[in-house]
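One-letter residues, chain by chain:
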Amino acid sequence: MVVRRITAGERRRAEEIFSIAFETPWQEETYPTEKYAAFLEDDETMTSCLSILPFSVCFDGETVKMAGIGGVSSLPQYRRTGGIRGCFEKMLPDLYREGYVLSMLYPFSTNYYRKFGYEVWARGARYEMDLSYIPKLSREGGFMLADSSNRDRALEDIRLLTKEWEGRYNGMVKLTEREYAFVTEADPYRKQEFVYIHYDGLGAPTAYMVCRRERDGQEQRLVCSRFVFRGREGIEGLLTLAKSMQADHRSIVFTLPTSLRIDSLIDEWSMGAYRRGDVSLGMARIVHVESALKAARYRGSGRVSLEIADGQIAENNGVFTVCFEGGRAVSVVRDSGEKAVIRMEISEFSRFLTGAVDVSALLYSRRAYGFSQEDLGVLGQVFYEKPCFLTEYF
(Lines give C-alpha, C1' and ligand atoms only; values in the text may rest on other atoms or scores of the structure.)
Protein backbone atom coordinates (compact mmCIF):
# COMPACT_ATOMS: atom_id res chain seq x y z
CA MET A 1 0.00 0.00 0.00
CA VAL A 2 1.19 3.52 -0.87
CA VAL A 3 -0.09 6.50 1.16
CA ARG A 4 0.58 10.08 0.14
CA ARG A 5 -0.87 13.48 -0.68
CA ILE A 6 -2.71 13.38 -3.95
CA THR A 7 -1.90 15.47 -7.01
CA ALA A 8 -4.24 17.96 -8.66
CA GLY A 9 -4.96 15.45 -11.40
CA GLU A 10 -6.16 12.89 -8.83
CA ARG A 11 -8.74 15.10 -7.14
CA ARG A 12 -11.57 13.99 -9.38
CA ARG A 13 -10.98 10.34 -8.46
CA ALA A 14 -10.97 11.17 -4.74
CA GLU A 15 -14.29 12.99 -5.16
CA GLU A 16 -15.69 9.97 -7.01
CA ILE A 17 -14.63 7.66 -4.17
CA PHE A 18 -16.48 9.92 -1.74
CA SER A 19 -19.62 9.78 -3.89
CA ILE A 20 -19.48 5.97 -3.98
CA ALA A 21 -18.72 5.56 -0.27
CA PHE A 22 -21.53 7.90 0.83
CA GLU A 23 -23.90 7.03 -2.03
CA THR A 24 -24.34 10.66 -3.07
CA PRO A 25 -24.15 12.19 -6.55
CA TRP A 26 -20.70 13.44 -7.51
CA GLN A 27 -20.08 17.15 -7.08
CA GLU A 28 -16.87 19.00 -7.76
CA GLU A 29 -15.44 20.43 -4.55
CA THR A 30 -15.08 24.19 -4.31
CA TYR A 31 -13.34 24.35 -0.92
CA PRO A 32 -9.52 24.55 -0.87
CA THR A 33 -8.87 21.11 0.61
CA GLU A 34 -5.73 19.04 0.91
CA LYS A 35 -6.26 15.33 0.33
CA TYR A 36 -4.45 12.18 1.38
CA ALA A 37 -5.11 8.85 -0.26
CA ALA A 38 -4.12 5.20 -0.06
CA PHE A 39 -3.19 3.39 -3.26
CA LEU A 40 -2.40 -0.18 -4.22
CA GLU A 41 1.29 -0.91 -4.78
CA ASP A 42 0.96 0.35 -8.35
CA ASP A 43 0.62 3.88 -6.85
CA GLU A 44 -2.29 4.50 -9.26
CA THR A 45 -5.30 2.56 -7.99
CA MET A 46 -6.82 4.77 -5.28
CA THR A 47 -8.64 2.85 -2.54
CA SER A 48 -9.25 5.34 0.30
CA CYS A 49 -8.97 9.08 0.88
CA LEU A 50 -9.69 11.94 3.27
CA SER A 51 -9.72 15.73 3.09
CA ILE A 52 -8.22 18.46 5.25
CA LEU A 53 -10.00 21.80 5.47
CA PRO A 54 -7.80 24.51 7.02
CA PHE A 55 -9.49 26.76 9.58
CA SER A 56 -8.52 29.34 12.16
CA VAL A 57 -10.35 28.79 15.44
CA CYS A 58 -10.66 30.38 18.85
CA PHE A 59 -8.82 28.60 21.65
CA ASP A 60 -8.74 30.24 25.08
CA GLY A 61 -8.77 33.70 23.55
CA GLU A 62 -6.05 32.91 21.03
CA THR A 63 -6.43 32.16 17.32
CA VAL A 64 -4.85 28.86 16.31
CA LYS A 65 -4.65 26.74 13.19
CA MET A 66 -7.15 23.85 13.02
CA ALA A 67 -7.47 21.03 10.50
CA GLY A 68 -11.06 19.98 9.89
CA ILE A 69 -11.13 16.38 8.64
CA GLY A 70 -13.85 15.35 6.21
CA GLY A 71 -14.57 13.13 3.26
CA VAL A 72 -13.16 10.03 4.97
CA SER A 73 -13.96 7.41 2.33
CA SER A 74 -13.03 3.94 1.13
CA LEU A 75 -14.32 1.96 -1.81
CA PRO A 76 -16.41 -0.96 -0.50
CA GLN A 77 -14.06 -3.62 -1.87
CA TYR A 78 -11.07 -2.09 -0.06
CA ARG A 79 -12.59 -1.43 3.36
CA ARG A 80 -10.86 -2.84 6.43
CA THR A 81 -7.56 -3.09 4.59
CA GLY A 82 -5.82 -0.25 6.45
CA GLY A 83 -6.24 2.53 3.91
CA ILE A 84 -7.78 5.11 6.24
CA ARG A 85 -5.41 4.17 9.05
CA GLY A 86 -2.52 4.76 6.67
CA CYS A 87 -3.90 8.18 5.70
CA PHE A 88 -4.15 9.30 9.34
CA GLU A 89 -0.70 7.97 10.21
CA LYS A 90 0.80 9.85 7.27
CA MET A 91 -1.26 13.01 7.72
CA LEU A 92 -0.94 13.71 11.45
CA PRO A 93 2.87 14.17 11.57
CA ASP A 94 2.57 16.42 8.51
CA LEU A 95 -0.05 18.55 10.29
CA TYR A 96 2.34 18.91 13.24
CA ARG A 97 5.16 20.11 11.00
CA GLU A 98 2.84 22.53 9.21
CA GLY A 99 1.88 24.32 12.43
CA TYR A 100 -1.60 22.97 13.08
CA VAL A 101 -2.49 23.10 16.77
CA LEU A 102 -5.89 21.37 16.69
CA SER A 103 -7.84 18.99 14.47
CA MET A 104 -11.55 18.20 14.56
CA LEU A 105 -13.92 15.80 12.83
CA TYR A 106 -17.42 14.36 12.94
CA PRO A 107 -17.12 10.60 13.55
CA PHE A 108 -19.02 7.62 12.26
CA SER A 109 -17.51 5.77 15.26
CA THR A 110 -15.92 7.39 18.29
CA ASN A 111 -13.92 4.25 19.12
CA TYR A 112 -12.45 4.18 15.63
CA TYR A 113 -11.13 7.75 15.66
CA ARG A 114 -9.94 7.52 19.25
CA LYS A 115 -7.19 5.24 17.92
CA PHE A 116 -5.76 8.29 16.15
CA GLY A 117 -5.87 10.55 19.18
CA TYR A 118 -9.30 12.14 18.74
CA GLU A 119 -11.71 12.32 21.64
CA VAL A 120 -15.36 13.23 22.08
CA TRP A 121 -15.37 16.97 22.47
CA ALA A 122 -17.95 19.41 23.81
CA ARG A 123 -21.67 19.04 23.34
CA GLY A 124 -24.30 21.55 22.33
CA ALA A 125 -27.78 22.07 23.76
CA ARG A 126 -30.54 21.44 21.23
CA TYR A 127 -33.79 23.23 22.04
CA GLU A 128 -37.22 22.65 20.59
CA MET A 129 -39.90 25.12 21.64
CA ASP A 130 -43.59 24.86 20.80
CA LEU A 131 -44.47 28.20 19.20
CA SER A 132 -47.89 28.36 20.83
CA TYR A 133 -46.28 28.47 24.29
CA ILE A 134 -43.77 31.21 23.56
CA PRO A 135 -45.07 34.23 25.49
CA LYS A 136 -45.98 37.49 23.78
CA LEU A 137 -42.79 39.50 23.83
CA SER A 138 -41.94 43.09 22.98
CA ARG A 139 -42.09 43.87 19.27
CA GLU A 140 -39.68 46.80 19.46
CA GLY A 141 -37.14 46.97 16.68
CA GLY A 142 -37.49 45.20 13.37
CA PHE A 143 -36.28 42.44 11.06
CA MET A 144 -34.54 42.07 7.73
CA LEU A 145 -34.62 39.03 5.46
CA ALA A 146 -31.31 38.73 3.60
CA ASP A 147 -31.57 38.50 -0.17
CA SER A 148 -29.84 39.86 -3.28
CA SER A 149 -31.01 43.41 -2.51
CA ASN A 150 -29.33 43.77 0.88
CA ARG A 151 -26.53 41.21 1.12
CA ASP A 152 -23.81 43.76 1.81
CA ARG A 153 -25.59 45.23 4.82
CA ALA A 154 -26.65 41.79 6.02
CA LEU A 155 -23.06 40.52 5.81
CA GLU A 156 -21.74 43.47 7.81
CA ASP A 157 -24.30 43.01 10.59
CA ILE A 158 -24.02 39.22 10.73
CA ARG A 159 -20.23 39.41 10.78
CA LEU A 160 -20.41 41.79 13.75
CA LEU A 161 -22.58 39.39 15.77
CA THR A 162 -20.59 36.31 14.74
CA LYS A 163 -17.26 37.80 15.78
CA GLU A 164 -18.59 38.23 19.33
CA TRP A 165 -19.31 34.50 19.51
CA GLU A 166 -16.01 33.60 17.87
CA GLY A 167 -14.09 35.25 20.68
CA ARG A 168 -16.27 33.76 23.41
CA TYR A 169 -16.30 30.02 22.67
CA ASN A 170 -13.49 27.52 22.22
CA GLY A 171 -13.75 25.81 18.85
CA MET A 172 -15.57 28.59 17.01
CA VAL A 173 -14.25 28.90 13.48
CA LYS A 174 -13.10 32.36 12.41
CA LEU A 175 -15.37 32.63 9.41
CA THR A 176 -13.93 33.63 6.05
CA GLU A 177 -15.78 34.65 2.90
CA ARG A 178 -16.45 31.03 1.98
CA GLU A 179 -18.14 30.28 5.32
CA TYR A 180 -20.27 33.42 4.96
CA ALA A 181 -21.79 32.04 1.75
CA PHE A 182 -25.10 31.61 3.58
CA VAL A 183 -25.26 35.44 3.50
CA THR A 184 -23.37 36.38 0.33
CA GLU A 185 -25.39 33.86 -1.69
CA ALA A 186 -28.67 34.29 0.19
CA ASP A 187 -31.61 33.60 -2.11
CA PRO A 188 -34.62 32.70 0.05
CA TYR A 189 -37.04 32.65 -2.86
CA ARG A 190 -35.21 29.91 -4.73
CA LYS A 191 -33.41 28.05 -1.94
CA GLN A 192 -36.10 28.33 0.74
CA GLU A 193 -33.38 28.98 3.32
CA PHE A 194 -34.11 32.12 5.31
CA VAL A 195 -31.57 34.44 6.95
CA TYR A 196 -33.34 36.79 9.36
CA ILE A 197 -31.62 39.60 11.27
CA HIS A 198 -33.20 41.35 14.25
CA TYR A 199 -32.52 45.03 15.02
CA ASP A 200 -33.23 46.98 18.18
CA GLY A 201 -35.13 50.27 18.33
CA LEU A 202 -32.00 52.19 17.38
CA GLY A 203 -31.30 50.04 14.33
CA ALA A 204 -28.39 48.06 15.80
CA PRO A 205 -28.25 44.32 15.00
CA THR A 206 -28.96 42.10 18.01
CA ALA A 207 -29.44 38.60 16.54
CA TYR A 208 -29.74 36.46 13.44
CA MET A 209 -30.95 33.00 12.54
CA VAL A 210 -30.66 30.81 9.46
CA CYS A 211 -33.64 28.51 9.16
CA ARG A 212 -35.65 26.36 6.82
CA ARG A 213 -38.91 24.43 6.98
CA GLU A 214 -38.79 20.78 7.92
CA ARG A 215 -41.70 18.39 7.96
CA ASP A 216 -42.34 16.39 11.13
CA GLY A 217 -45.08 13.95 10.26
CA GLN A 218 -48.12 16.05 9.34
CA GLU A 219 -46.67 19.19 10.91
CA GLN A 220 -43.93 21.64 10.06
CA ARG A 221 -41.22 23.15 12.21
CA LEU A 222 -38.52 25.78 11.80
CA VAL A 223 -35.07 24.20 12.01
CA CYS A 224 -32.21 26.65 12.52
CA SER A 225 -28.68 25.89 11.35
CA ARG A 226 -27.44 29.11 13.00
CA PHE A 227 -28.98 30.92 15.95
CA VAL A 228 -26.79 33.77 17.22
CA PHE A 229 -27.79 36.63 19.48
CA ARG A 230 -26.55 39.37 21.74
CA GLY A 231 -28.27 39.24 25.11
CA ARG A 232 -31.93 38.83 26.01
CA GLU A 233 -33.21 41.40 23.54
CA GLY A 234 -31.67 39.44 20.68
CA ILE A 235 -33.09 36.03 21.50
CA GLU A 236 -36.49 37.48 22.37
CA GLY A 237 -36.49 39.15 18.96
CA LEU A 238 -35.87 35.83 17.21
CA LEU A 239 -38.51 34.05 19.28
CA THR A 240 -41.00 36.83 18.52
CA LEU A 241 -40.41 36.29 14.81
CA ALA A 242 -40.77 32.54 15.19
CA LYS A 243 -44.05 32.92 17.07
CA SER A 244 -45.43 34.99 14.19
CA MET A 245 -45.12 31.83 12.06
CA GLN A 246 -47.25 29.78 14.45
CA ALA A 247 -50.08 29.33 11.95
CA ASP A 248 -47.84 27.24 9.68
CA HIS A 249 -45.25 25.77 12.05
CA ARG A 250 -45.51 23.83 15.29
CA SER A 251 -42.10 24.56 16.81
CA ILE A 252 -38.67 26.07 16.39
CA VAL A 253 -35.45 24.06 16.78
CA PHE A 254 -32.02 25.57 17.46
CA THR A 255 -28.72 24.62 19.09
CA LEU A 256 -26.77 26.71 21.62
CA PRO A 257 -23.61 26.27 23.68
CA THR A 258 -24.38 24.26 26.81
CA SER A 259 -22.88 27.08 28.90
CA LEU A 260 -25.49 29.51 27.57
CA ARG A 261 -28.60 28.78 29.62
CA ILE A 262 -31.88 30.39 28.60
CA ASP A 263 -34.11 28.58 31.12
CA SER A 264 -35.38 31.84 32.65
CA LEU A 265 -36.94 32.78 29.30
CA ILE A 266 -39.13 29.67 29.33
CA ASP A 267 -42.48 30.06 31.08
CA GLU A 268 -44.11 26.71 30.31
CA TRP A 269 -42.17 23.50 31.03
CA SER A 270 -45.02 20.99 30.78
CA MET A 271 -47.54 20.16 28.07
CA GLY A 272 -44.72 19.28 25.66
CA ALA A 273 -43.94 22.99 25.31
CA TYR A 274 -40.20 22.66 25.62
CA ARG A 275 -37.49 20.09 25.10
CA ARG A 276 -33.74 20.30 25.58
CA GLY A 277 -31.23 17.62 24.64
CA ASP A 278 -27.52 17.21 24.06
CA VAL A 279 -26.03 17.03 20.57
CA SER A 280 -22.47 16.11 19.67
CA LEU A 281 -20.07 18.77 18.40
CA GLY A 282 -17.74 16.10 17.06
CA MET A 283 -14.30 14.96 18.20
CA ALA A 284 -11.15 17.01 18.77
CA ARG A 285 -7.43 16.30 18.83
CA ILE A 286 -4.48 18.39 19.89
CA VAL A 287 -1.94 18.12 17.08
CA HIS A 288 0.86 20.20 18.64
CA VAL A 289 1.08 19.73 22.43
CA GLU A 290 3.67 22.41 23.10
CA SER A 291 1.82 25.06 21.08
CA ALA A 292 -1.49 24.17 22.71
CA LEU A 293 0.01 24.50 26.19
CA LYS A 294 1.47 27.88 25.26
CA ALA A 295 -1.90 29.12 23.97
CA ALA A 296 -4.03 27.72 26.81
CA ARG A 297 -5.55 29.84 29.56
CA TYR A 298 -4.85 28.70 33.14
CA ARG A 299 -6.30 29.51 36.52
CA GLY A 300 -4.02 31.72 38.58
CA SER A 301 -0.32 30.97 38.75
CA GLY A 302 1.57 27.73 39.22
CA ARG A 303 3.77 25.03 37.77
CA VAL A 304 2.86 21.52 36.65
CA SER A 305 4.42 18.67 34.67
CA LEU A 306 2.31 16.48 32.38
CA GLU A 307 3.40 13.32 30.60
CA ILE A 308 1.76 12.84 27.20
CA ALA A 309 1.63 9.64 25.13
CA ASP A 310 0.89 10.08 21.43
CA GLY A 311 0.94 7.05 19.15
CA GLN A 312 1.01 9.05 15.90
CA ILE A 313 3.11 12.17 16.52
CA ALA A 314 6.46 11.37 18.13
CA GLU A 315 7.19 15.01 19.01
CA ASN A 316 4.23 15.03 21.40
CA ASN A 317 5.63 12.23 23.56
CA GLY A 318 7.35 13.22 26.77
CA VAL A 319 6.97 15.28 29.93
CA PHE A 320 5.93 18.91 29.41
CA THR A 321 6.51 21.31 32.30
CA VAL A 322 4.34 24.41 32.23
CA CYS A 323 5.01 27.51 34.31
CA PHE A 324 2.10 29.96 34.24
CA GLU A 325 1.37 33.32 35.82
CA GLY A 326 -1.84 35.30 35.84
CA GLY A 327 -3.59 32.69 33.72
CA ARG A 328 -1.05 32.53 30.89
CA ALA A 329 1.94 30.32 30.18
CA VAL A 330 5.34 31.85 30.88
CA SER A 331 7.27 28.81 29.67
CA VAL A 332 6.66 25.31 28.34
CA VAL A 333 9.66 22.96 28.55
CA ARG A 334 9.74 19.41 27.25
CA ASP A 335 11.66 16.75 29.23
CA SER A 336 13.06 19.09 31.86
CA GLY A 337 13.67 16.18 34.21
CA GLU A 338 10.76 17.00 36.52
CA LYS A 339 8.41 14.24 37.56
CA ALA A 340 5.00 14.32 35.92
CA VAL A 341 1.90 14.72 38.09
CA ILE A 342 -0.18 12.75 35.58
CA ARG A 343 0.26 10.60 32.48
CA MET A 344 -2.33 11.11 29.75
CA GLU A 345 -2.99 9.60 26.37
CA ILE A 346 -3.22 12.30 23.71
CA SER A 347 -6.95 11.77 23.24
CA GLU A 348 -7.69 12.44 26.90
CA PHE A 349 -5.29 15.37 27.06
CA SER A 350 -7.13 16.85 24.08
CA ARG A 351 -10.51 16.55 25.77
CA PHE A 352 -9.40 18.16 29.01
CA LEU A 353 -7.21 20.99 27.69
CA THR A 354 -9.84 22.18 25.21
CA GLY A 355 -12.24 22.53 28.15
CA ALA A 356 -14.83 19.94 27.20
CA VAL A 357 -14.99 18.65 30.79
CA ASP A 358 -14.04 19.66 34.31
CA VAL A 359 -11.02 18.27 36.16
CA SER A 360 -13.29 16.11 38.34
CA ALA A 361 -13.94 13.90 35.29
CA LEU A 362 -10.35 12.64 35.62
CA LEU A 363 -11.59 10.40 38.43
CA TYR A 364 -13.53 8.38 35.86
CA SER A 365 -10.96 8.43 33.07
CA ARG A 366 -9.51 5.23 31.60
CA ARG A 367 -6.80 7.09 29.70
CA ALA A 368 -5.20 9.19 32.45
CA TYR A 369 -2.93 7.59 35.06
CA GLY A 370 -0.71 8.11 38.06
CA PHE A 371 -2.39 11.05 39.77
CA SER A 372 -3.93 11.20 43.22
CA GLN A 373 -6.98 12.93 44.63
CA GLU A 374 -4.66 15.55 46.10
CA ASP A 375 -3.28 16.34 42.63
CA LEU A 376 -6.68 17.54 41.42
CA GLY A 377 -5.96 20.95 42.96
CA VAL A 378 -3.05 21.83 40.68
CA LEU A 379 -4.52 19.90 37.76
CA GLY A 380 -7.68 21.97 38.14
CA GLN A 381 -5.63 25.05 37.30
CA VAL A 382 -4.93 23.50 33.89
CA PHE A 383 -8.03 21.40 33.20
CA TYR A 384 -11.44 22.98 33.73
CA GLU A 385 -14.68 23.28 31.82
CA LYS A 386 -14.75 26.18 29.37
CA PRO A 387 -17.38 27.69 27.06
CA CYS A 388 -17.19 25.66 23.84
CA PHE A 389 -19.17 25.66 20.60
CA LEU A 390 -18.87 24.83 16.92
CA THR A 391 -21.23 25.81 14.11
CA GLU A 392 -19.34 24.60 11.02
CA TYR A 393 -19.58 21.17 9.39
CA PHE A 394 -16.83 19.61 7.32
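Residues numbered from 1 in each chain as written. Predicted model: local features only at pLDDT ≥ 70, side-chain atom pairs only at ≥ 80, totals over all residues. Heavy atoms only, no water.

So, the sheet that holds strand E1 (residues 2-5)
The sheet built from seven strands is open, its strands ordered E1-E2-E3-E4-E5-E14-E6 with mixed pairing. Both outer strands of the open sheet, E1 and strand E6 (119-120), are each paired with one neighbouring strand and no more. Judged from the four bridges that link them, strand E5 (residues 102-105) and strand E14 (residues 283-286) form a sheet pairing that is antiparallel. Of the residues in E14, the one forming a bridge with Leu105 is Met283. (Pairing = 2+ DSSP bridges. Helix = DSSP H or I, 4+ residues; strand = E, 2+ residues; numbered from the N terminus.)

Considerations on the nonpolar core
Counting 97 residues, the largest nonpolar core has Ile252, Phe349, Leu362 and Phe383 as the members making the most contacts within it. The contact partners of Phe349, leaving out residues within four places of it in the chain, are Ile286, Val289, Leu293, Leu306, Ile308, Met344 and Phe383. (Core = buried A, V, L, I, M, F, W, Y, C linked by side-chain atoms within 4.5 Å. Buried < 20%, exposed > 50% of the residue type's maximum accessible area, 1.4 Å probe, protein only. Contact = heavy atoms within 4.5 Å.)

Some details on the sheet that holds strand E9 (residues 194-199)
Read from one edge of the open sheet, seven strands run E8-E9-E10-E11-E12-E7-E13, paired in mixed fashion. Edge positions in the sheet fall to strand E8 (142-145) and strand E13 (274-280), since each of these pairs with one other strand and no more. Averaged over all pairs of adjacent strands, the angle between their axes in this sheet comes to 25 degrees, without regard to strand direction. Strand contacts of helix H4 (residues 151-166): E8, E9, strand E10 (205-216), strand E11 (219-229) and strand E12 (251-257), with the helix running at about 95 degrees to E10, the strand carrying the most contacts. (Axes fitted to C-alpha atoms, helices over the stretch in contact; angles between N-to-C directions.)

Some points on the pattern of salt bridges
All told, the structure shown has 35 salt bridges when counted by the stated rule. The residue Lys35 makes a salt bridge to Glu29 at a minimum N-O spacing of 2.9 Å. The exposure class assigned to Lys35 is buried, which follows from its relative accessible area of 4%. For Glu29, a relative accessible area of 32% gives the class partly exposed. Of the charged contacts, one joins Arg303 and Glu338 as a salt bridge, the two residues approaching to 2.6 Å between their closest N and O atoms. Here Arg303 is found in strand E15 (residues 302-309), whereas its partner Glu338 is found in the loop between strand E17 (328-334) and strand E18 (342-345), with 35 residues between them in sequence. (Salt bridge = Lys/Arg side-chain N within 4 Å of Asp/Glu carboxyl O.)

So, the packing of aromatic side chains
The geometry of an aromatic ring pair comes down to the distance between the two centres and the angle between the two planes. Scanning all chains against the criterion turns up 26 aromatic pairs. When the ring of Tyr127 is compared with that of Phe254, the centres are 5.5 Å apart and the planes differ by 20 degrees; the resulting orientation is stacked. Placement of the pair is Tyr127 in strand E7 (residues 123-130) and Phe254 in strand E12, with a sequence separation of 127 residues. Take Tyr127: its relative accessible area is 0%, and that puts it in the buried class. According to the relative accessible area criterion, Phe254 is buried, its value standing at 0%. A centroid spacing of 6.1 Å and a plane angle of 45 degrees characterise the contact between Tyr127 and Tyr274, whose relative ring orientation is tilted. Linking Tyr127 in strand E7 with Tyr274 in strand E13, this pair joins segments that are 147 residues apart in sequence. (Phe/Tyr/Trp six-rings, centres within 6.5 Å; stacked < 30°, edge-to-face > 60°.)

Geometry only, nothing functional implied.
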